[in-house]
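Residue-level listing of the chains:
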Amino acid sequence: MQPSFLKLVSLLLAASSVSARTVFSAITVNGVEEGHGVAVRVPTSNAPITDLTSSDIICNTDFIQPVSDVVASVPAGGVIAAEFHHTSAGYVGPDPADPLDPTDKGPVLAYLAAVPDATQTDVSGLEWFKIFEEGLNPSTHQWGSDLLFINAGYVNITIPSCLKAGQYLLRVEDISLADATSYPGAQFYMSCAQIEVTGGGDAAPETVSFPGAYTSTSPGITANIYSDTTYSPPGPAVFTC
Ligand SMILES: *[C@@H]1O[C@H](CO)[C@@H](O)[C@H](O)[C@H]1NC(C)=O
């Protein structure tokens, strides 16, 4: 290859790692696409949240207006696929950094919080429990973010079958640890989907708060993706029935 071409490639790589960003902007319920921004509060910007004490860590901030008033119905035990893309516009065509820059390694996590009304704007004081996490698989060396990249931005999340029927916010999060050897450094990308769980049981999972569930000293908030061989995602254990 010619040196000028290599130089261009390295410039492009440098530029893409600076703008390595992602947005969760759509859901699929048991294989049915709801549509871009339907039942999801989509942030206008693909910039990360980095301050764990900010209320922006709950469901992100500055949403595309109008926010969807749809609450997606899902039977307990069903599967919601969260769909991430490079920008808040969703999939707009081939892009080497869609759904995210592949060098932007880190975990993917999902939480639920029961709410009286999934369209309520106030998200403070909610009680969250974790239902999914994909950190670093020690045998395949793949991160949650690698699976997101391989699967074109989709991550399947099973709604626990024993969950109480009712409305919930589903908070799905990708964390980039590319620059996370100290805090602040990790980059948090999350949105909240508005869902109604039908059927189910009477589970009472233990909960955590946002902000609060993650602090600057929590395990998994700092990491060295270039040398670490094991990794534990932040937050509580995954709730199972
Ligand atoms: C998600 O589940 C659907 C339906 O079972 C399946 O077709 C798809 O391959 C799964 N996607 C991923 C990324 O696992």
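This structure is a prediction, so every number in the text was calculated from the model and none was measured. Each chain carries its own residue numbering, running from 1 in the written order of its sequence. Where local features are concerned, this predicted model is filtered to residues with pLDDT of at least 70; where side-chain atom pairs are given and counted, the filter is 80 or more; whole-chain, interface and lining totals use all residues. The basis for every side-chain value is the complete set of non-hydrogen atoms in the structure, without hydrogens or water.

### Remarks on the state of the cysteines
Note the threshold: We call a pair of cysteine sulfur atoms a disulfide whenever their separation is within 2.5 Å. To qualify as a helix, a DSSP run of H or I must reach at least 4 residues; to qualify as a strand, a run of E must reach at least 2; elements of each kind are numbered from the N terminus.
Enumeration according to the criterion identifies two disulfides in this entry. Paired through a disulfide, Cys59 and Cys192 show a sulfur-sulfur distance of 2.0 Å. The sign of the S-S torsion, about -85 degrees, decides the handedness of the disulfide formed by Cys59 and Cys192: left-handed. Highlighted residues: Cys59 in helix α2 (residues 56-59) and Cys192 in strand β10 (residues 187-198), separated in sequence by 133 residues.

### Topic: the packing of aromatic side chains
Note the following rule: Side-chain rings of Phe, Tyr and Trp (the six-membered ring for Trp) are treated as a pair once their centres are within 6.5 Å; stacked means planes under 30 degrees apart, edge-to-face means over 60, and tilted covers the remaining angles. Burial classification: accessible surface area is computed with a 1.4 Å probe over protein chains only, and a residue below 20% of its type maximum counts as buried, one above 50% as exposed, and the rest as partly exposed. Whether a charge lies above a ring is judged from NZ of Lys or CZ of Arg, which has to be within 6 Å of the ring centre and within 35 degrees of the ring normal.
For the coordinates displayed, the defined rule picks out eight aromatic pairs. Taking the centre distance of 5.0 Å and the plane angle of 55 degrees together, the rings of Trp143 and Tyr231 count as tilted. In this pair, Trp143 sits in the loop between β7 (128-134) and α3 (144-150) while Tyr231 sits in the segment after β10, placing the two residues 88 residues apart along the sequence. With relative accessibility at 12%, the residue Tyr231 sits in the buried group. Each residue in the set Tyr111, Trp128, Phe188, Phe210 and Tyr214 is aromatic and connected to the rest through ring pairs, giving one cluster. Taking the ring centre of Phe210 as reference, the NZ or CZ of Arg171 above it sits at 4.0 Å.

### Structural notes on the pairing of β10
Our working definition: Note on pairing: DSSP must find at least two bridges between two strands before they are called paired.
Counting buried positions along β10 gives nine out of twelve residues, so the element sits mostly inside the fold. Two strands pair when backbone bridges link them, and strand β3 (residues 40-41) and β10 are joined in this way by two bridges, in the antiparallel orientation. Residue Val40 lies in a different strand from β10, and its bridge partner there is Ala193. With four bridges joining them, strand β4 (residues 72-75) and β10 adopt parallel strand pairing. Bridging across to β10, Pro75 finds its partner in Thr198. For strand β9 (residues 166-176) and β10, the ladder comprises eleven bridges, and the chain directions are antiparallel. Counterpart to Tyr168 in the pairing with β10 is Ile195.

### Comments concerning unusual backbone geometry
A cis amide bond links Gln65 with the next residue in sequence, Pro66, at an omega value of -10 degrees. Mapping Pro66 onto the fold places it in the loop between α2 and β4. Here Asp98 and Pro99 are connected by a cis peptide whose omega angle stands at 0 degrees. Tracing the backbone shows Pro99 in the loop between β5 (79-85) and β6 (108-114). Phi at His141 takes a positive value of approximately 65 degrees, unusual for a residue other than glycine. Here His141 lies in the loop between β7 and α3. Of note in this structure, Ala152 is not a glycine but carries a positive phi near 60 degrees. Looking at where Ala152 falls in the secondary structure, it is placed in the loop between α3 and β8 (154-158). Under the relative-accessibility criterion, Ala152 is labelled partly exposed at 40%.

### Quick look at the UniProt feature "domain: Auxiliary Activity family 9 catalytic" (unreviewed entry) in the chain
This is how the line gets drawn: UniProt positions are given in the numbering used here, feature names are shortened, and annotations may be inferred rather than shown by experiment.
The positions that UniProt labels "domain: Auxiliary Activity family 9 catalytic" (unreviewed entry) are, in the present scheme, residues 22-229. In residues 22-229, the share of helix is 5% and the share of strand is 31%. The end C-alpha atoms are 25 Å apart.

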